Amino acid sequence: MRLVNFEPRGYQKSIVETCKEKNTLVVLPTGTGKTSIALMLAADRLAKYPESKIVITAPTKPLCNQHVLSFQERSTLKEEIAVITGAIPPEKRAALWNQAKVIIATPQTVESDLKQGRIKLNTTSLLCLDECHRSRQHYATTVLVKQYLEQSPYPRILGLTASPGGTQERIQEICDNLAIEAVEIRTEEDEDVKPYIQEKIIEWIKLDIPEDIEKISTRLRKVHQDLLNKVKRLGYNKPVQYITRRDLLMMQAELRKQITKGNPSAFYGISLIAQIIKLDHLITLLETQSFQAVPKYEAKLKEEETKAAKALLNNPEIIRSLEEMKYYAQKKHPKMERVIEKIQHELKENPKAKLIVFANYRDIVAEITEHCIAAGIDARRFVGQADKKQDKGLKQVEQAAVLQAFKQGEFPVLTASSVGEEGLDIPEVDAVLFYEPVPSELRRVQRAGRTGRTKAGKVIFFIMKKTLDEAYYWSSLRKETKMKNILKGLKGKNEKQLTL
């Protein structure tokens, strides 16, 4: 395998020299060529071990397809590249594995085929794990690494990420799980990377909740507070205002253990926490998402047979609130209105602009798309597959077609769920719009990284005041800042690499 149509940058050459000698975690800013590192190392390993295979894993099918294109465009390998995902029948996957020189696959698919004995890693000379920040606990890549080290006579591991995590412990966990021996880190401040970093303009659009909606929200929050107080009486000591969704889920897990020990009151506690989680979601939809989503969620609760759903729907304050919300069901949420206005403004300023709008919920992605089209804006959604009867999502072929059309400028606005966050190589995106802030620093970095790759770009946050939007925005910013400081500290310990 030879590389073609490709001129490596200085820092890429330096990093690959480390990767040749040691299992390496490579942390590079989004858009600075992590895939090129994989290509260069793959070429080196195949030169050393001509009969071996290269295995590259990526968490999503679109990202797998992107790796395939990179190898096809930048190497002499054409027919010997195979993409393997769960959408391919097991027997065909095994045949593809045996025939291919470079295998690009989702880690879950490789793990499944290893378990079933369809494939082996004994001839694999490089295992590259893209978006390796996912490699925690029992995630598929962690399992793969263990089996790879047991089976391969000449193992080499490469982990790639732009955002490994916001704590030293989390980064160390990734390194331990992937048998990492060295860490290569570059930041936006490094002199050899600076020339390739594009400016990102950050913009905040803050909105007030309409007065009538705030009254409904206040009523629902009072019910929420009452339920939390009941949780406190179960013996939970944390102040009510600081109880998070994670706390509630941990409490549920503990209560389930209590059931196995014969504690009948645990059932009440589990149902109580389920009510809080469902009500919290309803409030979030109302305050930060969509008025249309509220009756849809009500209908979903009515279909449930759980005590928690029934208890909520029988609460007089919730009944009253849902009845009042029917008036707003066909009205645009103020955030939705502002997003459409902003898209129109950006396209007026630059008719050739490419914009990506991220939203957490698939229904909101669909609603944004519908409102764009109604406003005369050509927008298409980019979501994963699903088992929902109402919405089957997009198949792998459909995802690839949408991305290709967007790259070629056939339409200006891509509306995306989380499936569009990681690693998609879409050059010249002019702006990324966050329909809502996300609490995770990893997801914040991934989403923002879709712009400012080959030219300056914008990152625009839509924030409803006095809601979770504000809390999530500041939480992810604080974690991102902490992560960058940790990475600088790790790099500072050794100018070139850190051996763990």
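Keep in mind that this is a model prediction, so the values were computed, not measured.

Calculation notes
- Going along each chain's sequence as written, the residues are numbered from 1 onward.
- At least 70 in pLDDT is required for a residue's local features to be given in this predicted model, at least 80 for side-chain atom pairs to be given and counted, and no such filter applies to totals for whole chains, interfaces and linings, which use all residues.
- Hydrogens and waters are ignored; side-chain quantities use all the structure's heavy atoms.
- Here the axes come from fitting lines to C-alpha atoms, over the contacting stretch only for helices, and the angles between their N-to-C directions go from 0 to 180 degrees.
- Where helices and strands are cited, they refer to DSSP runs of H or I of at least four residues and of E of at least two residues respectively, numbered from the N terminus.
- What makes a crossing left-handed is the near helix being turned counterclockwise from the far one by less than a right angle; a clockwise turn instead makes it right-handed.
- Throughout, a residue-residue contact means that at least one pair of heavy atoms, one from each residue, lies within 4.5 Å.
- Residues are grouped as follows: Ala, Val, Leu, Ile, Met, Phe, Trp, Tyr, Cys and Pro are nonpolar; Asp, Glu, Lys and Arg are charged; every other residue, Gly included, is polar.
- When DSSP finds two or more bridges between two strands, those strands count as paired.
- By definition in this entry, angles of less than 35 degrees are roughly parallel, angles greater than 145 are roughly antiparallel, angles of 65 to 115 are roughly perpendicular, and the rest are oblique.
- For a helix, the expected span equals 1.5 Å multiplied by the residue count minus one.
- Confidence of the predictor at the level of single residues is given by pLDDT, which spans 0 to 100.
- Throughout, exposure labels follow a simple rule: accessible area from a 1.4 Å probe, protein chains only, divided by the maximum for the residue type, with under 20% read as buried, over 50% as exposed, and the rest as partly exposed.
- Two N or O atoms count as a polar contact when they lie within 3.5 Å, although within protein this holds only if one can serve as hydrogen donor and the other as acceptor, and sequence-adjacent residues are included solely when both atoms are side-chain atoms.

Some remarks on the packing of helix α3 (residues 61-74) against helix α16 (residues 396-407)
Consideration 1: Contact geometry for α3 and α16: axes closest at 9 Å, N-to-C directions at 65°. Crossing handedness for the pair α3 and α16: right-handed. Contact residues: Lys61, Pro62 and Asn65 in α3; Gln396, Gln399, Ala400 and Leu403 in α16.
Consideration 2: Each residue belonging to the contact of α3 with α16 can be placed in one class, and the counts come to three nonpolar, three polar and one charged.

A word on the sheet that holds strand β7 (residues 182-185)
Consideration 1: Taken together, the seven strands give an open sheet; going across it, the order is β3-β4-β2-β5-β6-β1-β7, and neighbouring strands pair in parallel fashion. Of all the strands in the sheet, the pair left with one neighbour each is β3 (81-84) and β7. Adjacent strand axes in the sheet meet at a mean angle of 15° when their direction is disregarded.
Consideration 2: Of the pairings in the sheet, the one linking β3 to strand β4 (residues 102-105) comprises four bridges and is parallel in character. Opposite Ile81, over in β4, you have Val102 as the bridge partner.

Considering the packing of helix α1 (residues 10-21) against helix α2 (residues 34-48)
Helix-helix packing: each pair is described by the crossing angle between the helix axes and the interaxial distance.
Consideration 1: Relative to each other, α1 and α2 sit at 45°, their axes nearing to 10 Å. When the interaxial angle is binned, α1 and α2 end up oblique. Of the two elements, α1 crosses α2, and the hand of that crossing is right-handed. On α2, the residues touching Gln12, Lys13, Ile15, Val16, Cys19 and Lys20 of α1 are Ser36, Ile37, Met40, Leu41, Asp44, Arg45 and Lys48.
Consideration 2: By residue class, the composition of the contact of α1 with α2 is six nonpolar, two polar and five charged.

Regarding helix α9 (residues 245-260)
Consideration 1: Over its 16 residues, α9 runs 23 Å from end to end, which matches the ideal 22 Å to within 8%, given 1.5 Å per residue.
Consideration 2: Buried-residue contacts for α9 involve α8 (211-232) and α10 (265-289).
Consideration 3: Looking one or two residues past α9, Gly262 carries a phi angle of roughly 85°, positive in sign.

Focus: the sheet that holds strand β12 (residues 431-434)
Consideration 1: Read across the open sheet, the six strands follow the order β8-β13-β12-β9-β11-β10; overall the sheet is parallel. Unpaired on one side and paired on the other, β8 (200-207) and β10 (379-382) mark the two borders of the sheet. Within this sheet the neighbouring strands show an average axis-to-axis angle of 20°, counted without direction.
Consideration 2: Sheet topology places strand β9 (residues 355-358) next to β12; four bridges connect them, and they run parallel. If you follow Val357 over to β12, its bridge partner there is Leu433.
Consideration 3: Packing against the sheet, helix α14 (residues 334-349) makes contact with β8, β9, β11 (413-416), β12 and β13 (457-464), and its axis sits at approximately 160° to β13.

Regarding the confidence of the model for the protein chain
Consideration 1: Per-residue pLDDT for the protein chain averages 89, and the proportion of residues at 70 or more is 95%.
Consideration 2: α14 holds the highest mean pLDDT among the elements of the protein chain, 97, whereas helix α18 (residues 468-493) holds the lowest, 83.
Consideration 3: Here residues 492-500 scores under 50 on pLDDT; set against residues more than four positions off or in separate chains, the count is 22 contacts.

Quick look at helix α17 (residues 441-448)
Consideration 1: Among the eight residues of α17, seven are classified as buried, and the element is accordingly described as predominantly covered.
Consideration 2: Along α17, the residues that are buried comprise Glu441, Leu442, Arg444, Val445, Gln446, Arg447 and Ala448.
Consideration 3: For α17, the N-terminal cap is Ser440; the gap from its side-chain oxygen to the backbone nitrogen of Leu442 is 3.1 Å.

Observations concerning the side chain of Gln289
Consideration 1: Along the chain, Gln289 falls in helix α10.
Consideration 2: Within polar-contact distance, the side chain of Gln289 engages the side chain of Thr288 at 3.3 Å.

Observations regarding unusual backbone geometry
Glycine aside, residues mostly have negative phi, and peptide bonds are mostly found in the trans state.
Consideration 1: Even without being a glycine, Asn5 presents a positive backbone phi close to 55°.
Consideration 2: For Asn5, the location among the structural elements is in the segment before α1.
Consideration 3: At Glu131, a position not held by glycine, the phi torsion is positive, near 50°.
Consideration 4: Locating Glu131 in the fold gives a position in the loop between β5 (124-130) and α6 (140-151).

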